[in-house]
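# Architecture and fold: a report
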Amino acid sequence: MVERVIKEIKEKYFGVPFLALGQTVLWDEPTKIALKYWLDRLYPEAVFIFGVHNTDYFAKSPIASDKDEYILLSHNDNTTRDLWASTIEISRPFGSENHPTLQFFRRCNVPIDSIAPIDKKEDFLDEITSSWGWMAVVKSGTRSIVACDVKLKDILERLIELIVWGTCGARDLIGEKQCVKEFCDRIKEFILDYAKRNTNATITELFKELYKWFWKELIGYIPQDITLTSSLELFRFNTKTYNLPRFSIIEGFLNPSTSNIYKDCYNNAVKDSGIYTLDYFGYGAIPFDLIIPGKERGTICIQPKSLIVKGEEEIRVPLERPVTSLKDLAEVIEKNFGENSAVVGKAVVLLSMIRSEFILVFNEKGSLYYNLTFNMERMLEENGIYMEFYPILRLRYGTWDLIENIDGEITLPDYMRIAFGKDAINPKEFSHKWRKVVEEQDSFTYKVANMRKPRELMRYLSDIKGKVWEDKLSLYNQLKQDIISKRVQIEANWQKVKELKERLKEINDLLERRRLKEEIRRLKDETWRMEKSKEIKEMRERLKEIEVEVERAKAEILRYAYLVKENLPYTHCRPSAWWFIAMDPSRKWFKSIIDKLEIYTEGERCKSYSLQRCRQ
């Protein structure tokens, strides 16, 4: 499969560079070096570029901190629901940013709000909806910062803390092995030494060096024919670069004869997706951001007499004449902001920008937006606008299928133990079972979600969690029986009250009626005192406590099922490169990833297959 796809790419797109562009080296970006092995064998002339995507805002915390500018934060569907993490994040093995939502629990018939402790409700909701094994460094405070402007010295302490936290996850899985400690020590030493020697370095510059460090660890050498860059450099926009193919799609949004078509296609592609349509940004908006290093990032709005950059602060530039072409835009930007500013498409358009000039290398499941991009391109074509786009090249790994190549036993994370029916597992057994286990989680979730009665849930919990729930079920049954016993006399009293009321209807004698009414009142008071007795009240409270415990346990196992179902397929497709180093000193695991690599293309819109025609 690899041979066939690379042969086709070489024949159709000879000379078109491959581009891998990612925000962080602590995730799956360095793993893409697996493609290099096959390119060297089958297409040695290929140009392979790795870039740090550093033109997004650095992750910003929804939780303010008075003490620290940068903090570590995980993701959940409560207090950090609005967190958008980028640049510095890490996942422990089997961990990801995926997390169950409050809506998920409600659909599964869990009264999630009522079972949260009154005094610790936020903590409970945070925990039950949190991701597992994922953490990010995020900026606190009110002011955002673009990733390209983040200085290494400002986040160094948190970066080291994050790496130690992540490494602890590998240790929890395979134990106190030397390879885990050595990985942690060596990467910390490299980063601290680099920071010491480069006191004014940015996080982007560190990441470029870390790419090389990872490659040497993964494949044993640093390829000298790979270009390292960043999105700030790739999309630098000025009078010398505006005619590069990567910027060609911008022209359609500027040209008065096509701008409405382009904007309509973009808006129709993103509507109902959660992405803002252009009207959100105001009159004249186009789906591109201007990044002014050290100053601002914002949406470009082009009006007849002004160019406006709508970031956290609005920048307004008077125009001598309307901007209707790329050359016009380049001249205005260079004149007002210098040669080093960049123009980068918003998520949906960015893929089109890149594919105008490069074959974009994605891991499988990479990018949430590619279908929206393809829809926009299709709509442009339906409107008579034909553009040439190179394909996305997807890499498909065998991550969990090939974990059998590591030595020793794996101690499973808590969330995986019910699904696998054990606390620890042999890597070979795991590699053979994990897909089936994932498939089982849908029916498991449905089954648990439809268990509504406390006794039914407790019987099920005793099957999967053992004696502690057997004891709770026995206690629950005993409390129910005790309350029934205590209520025998209470029920008898209420029956007597009912009978007395019936007699009262038939009696006309005032004295007798008064006596019966007094008897009814006395009996009701006595019965209510029995109903509200301390003993019965305590039994009912204990019953309620057990019922709440049952619902919390239900929520927990549903959370676990969700994480198994989401995390395992996702991390299989997008493994963090450092896992292969920390968990396998022999590198047999990564070598097998390379050997078994599968690749495929999608999204090509280059009918002529001619490089020159594609670039016109």
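Scroll up to find the structure this text is about.
Report on the accompanying structure. All values reported here derive from a predicted model rather than from experimental measurement.

### Considerations on the overall build of the chain
A tally of helices and strands in the chain yields 22 helices and 16 strands. A compact globule built from 616 residues should have a C-alpha radius of gyration of about 25 Å, whereas the chain, at 32 Å, is more than 25% larger. Its C-alpha atoms put the chain at 110 × 65 × 50 Å along the principal axes. Residues counted as buried form 54% of the 616 residues belonging to the chain. In the chain, of all internal contacts separated by at least 6 residues, the share reaching a separation of at least 24 is 75%. Positive and negative side-chain charges of the chain, numbering 98 and 96 respectively, have mean locations separated by a distance of 3 Å.

### Describing the layout of surface pockets
Once rolled over the atoms, a probe with the size of a water molecule shows which space is left empty. Of the voids in this model, the second largest pocket is the one considered here, and its volume is about 350 Å³. Lining the second largest pocket are 15 residues, with E127, I128, E556, R559 and Y560 positioned closest to its centre. Elements that contribute at least two residues to the lining of the second largest pocket include exactly α4 (121-128), α14 (414-420) and α19 (534-573). Ranked by the residues each element gives to the lining of the second largest pocket, the list is headed by α19, at five residues. For the lining of the second largest pocket, the class distribution of residues is seven nonpolar, one polar and seven charged.

### A closer look at a positive patch on the surface
On the surface, a cluster of positive charge is made up of K453, R455, R459 and K480. Counting through the fold element by element, K480 comes out in helix α17 (residues 467-506).

### A closer look at empty space enclosed by the protein
What the rule picks out here adds up to two cavities of 30 Å³ or more. By volume, the largest cavity amounts to about 40 Å³. Lining the largest cavity are E377, L380, E381, I385, Y386, M387, F389 and R605. By volume, the second largest cavity is sized at about 30 Å³. In terms of lining residues, the second largest cavity is bounded by Y415, I418, A419, Q441, F444, I557, Y560, A561 and V564. Those elements giving two or more residues to the lining of the second largest cavity turn out to be α14, α15 (427-449) and α19. A per-element tally of the lining of the second largest cavity places α19 first, with four residues. Residues of the lining of the second largest cavity, tallied by class, amount to eight nonpolar, one polar and no charged.

### Quick word on the packing of aromatic side chains
This model, assessed by the stated rule, comprises 35 aromatic pairs. Look at F18 and F48: their rings are 6.3 Å apart centre to centre, the planes differ by 65°, and that puts the pair in the edge-to-face class. Pair noted here: F18 is in strand β1 (residues 18-22) and F48 is in strand β2 (residues 48-52), with a separation of 30 residues, a long-range link. F18 sits in the buried class, given a relative accessible area of 1%. Owing to a relative accessible area of 1%, F48 belongs among the buried residues under this scheme. Members of the aromatic cluster, connected to one another through ring pairs, are F94, W400, F420, F430, W579, F580, W589 and F590.

### Overview of the pairing of strand β10 (residues 314-318)
Looking along a regular strand, one sees the side chains alternate between the two faces of the sheet. Side-chain alternation along β10 places I315 and V317 on a buried face and E314, R316 and P318 on a face that remains uncovered. Pairing geometry for strand β9 (residues 306-310) and β10, over five bridges, is antiparallel. Residue pairing across strands places L307 opposite V317, the latter belonging to β10. The hairpin turn running from β9 into β10, its antiparallel successor, is three residues long.

### Side note on the sheet that holds strand β5 (residues 132-139)
Either a parallel or an antiparallel arrangement is found when strands of a sheet pair, and the pairing is made through backbone hydrogen bonds. Read from one edge to the other, the open sheet built from three strands follows the order β3-β5-β4, with strand pairing classed as antiparallel. Edge positions in the open sheet fall to β3 (70-73) and β4 (89-96), since each of these has one partner strand only. Sheet twist, expressed as the average angle between the axes of neighbouring strands with direction ignored, equals 10°. Here β4 runs beside β5; their pairing, made up of four bridges, is antiparallel. The partner of S91 across the bridge, within β5, is W134.

### What about the pattern of salt bridges?
The final tally for this structure, using the stated rule, is 46 salt bridges. Between K422 and E429 there is a salt bridge, and its shortest N-O distance comes to 2.9 Å. Accessibility expressed as a relative area gives 28% for K422, which makes it partly exposed. For D595, the salt bridge is made with K591, and the minimal N-O distance between the two is 3.0 Å. Of this pair, D595 and K591 both sit in helix α21 (residues 588-595), four residues apart, which is roughly one turn of that helix.

### Observations concerning the sheet that holds strand β6 (residues 226-230)
The strand order across the open sheet built from six strands is β6-β2-β1-β12-β13-β16, with neighbouring strands paired in mixed fashion. Across the chains shown, the open sheet's two edge strands, defined by having one partner strand only, are β6 and β16 (598-602). Between one strand axis and the next, the sheet turns through 30° on average, direction left out of account. One ladder, built from five bridges, connects strand β13 (residues 392-396) with β16; its direction is antiparallel. Bridge assignment links R394 to a residue of β16, and that residue is Y600. Strands β1, β12 (359-363) and β13 of the sheet are contacted by helix α12 (residues 347-355), whose axis makes an angle of about 130° with β12.

### What to know about the pairing of β6
Of all five residues in β6, four are buried, a share of seventy percent or more. Note that β2 and β6 share five bridges and pair parallel. Paired with I49 across the bridge in β6 is T227.

### Notes on the packing of helix α6 (residues 178-197) against helix α7 (residues 203-219)
Interaxial distance between α6 and α7 falls to 11 Å at its minimum, and their mutual angle equals 145°. In this structure, α6 meets α7 at a crossing whose hand is right-handed. Residues F183, R186, I187, F190, I191 and Y194 of α6 touch α7, and the partners they reach there are E205, L206, E209, L210, W213, F214 and E217. Grouping the constituent residues of the contact of α6 with α7 by class yields nine nonpolar, no polar and four charged.

### So, unusual backbone geometry
Unusually for a residue other than glycine, F94 sits at a positive phi of about 75°. Within the secondary structure, F94 is located in strand β4.

Thresholds, definitions, all that
Residues numbered from 1 in each chain as written. Predicted model: local features only at pLDDT ≥ 70, side-chain atom pairs only at ≥ 80, totals over all residues. Heavy atoms only, no water. Helix = DSSP H or I, 4+ residues; strand = E, 2+ residues; numbered from the N terminus. Rg over C-alpha atoms; globule rule 2.2 N^0.38 Å. Buried < 20%, exposed > 50% of the residue type's maximum accessible area, 1.4 Å probe, protein only. Contact = heavy atoms within 4.5 Å. Lys, Arg positive; Asp, Glu negative; His and termini not counted. Charge placed at Lys NZ, Arg CZ, Asp CG, Glu CD. 1 Å grid on protein atoms, 1.4 Å probe; cavity = no way out; pocket = protein on both sides within 12 Å on 5 of 7 lines; lining within 4 Å. Points joined across faces, edges and corners; volume = space filled by probe spheres on them. Nonpolar A, V, L, I, M, F, W, Y, C, P; charged D, E, K, R; others polar. Patch = residues over 30% accessible without salt bridge, like charges linked within 9 Å, V, L, I, M, F, W, Y side chains within 5 Å. Areas by Shrake-Rupley, 256 points an atom, 1.4 Å probe, with all protein chains shown as cover. Salt bridge = Lys/Arg side-chain N within 4 Å of Asp/Glu carboxyl O. Phe/Tyr/Trp six-rings, centres within 6.5 Å; stacked < 30°, edge-to-face > 60°. Pairing = 2+ DSSP bridges. Axes fitted to C-alpha atoms, helices over the stretch in contact; angles between N-to-C directions. Left-handed = near helix turned anticlockwise from the far one by under 90°.

Everything listed is a geometric property; what it means functionally is a separate question.
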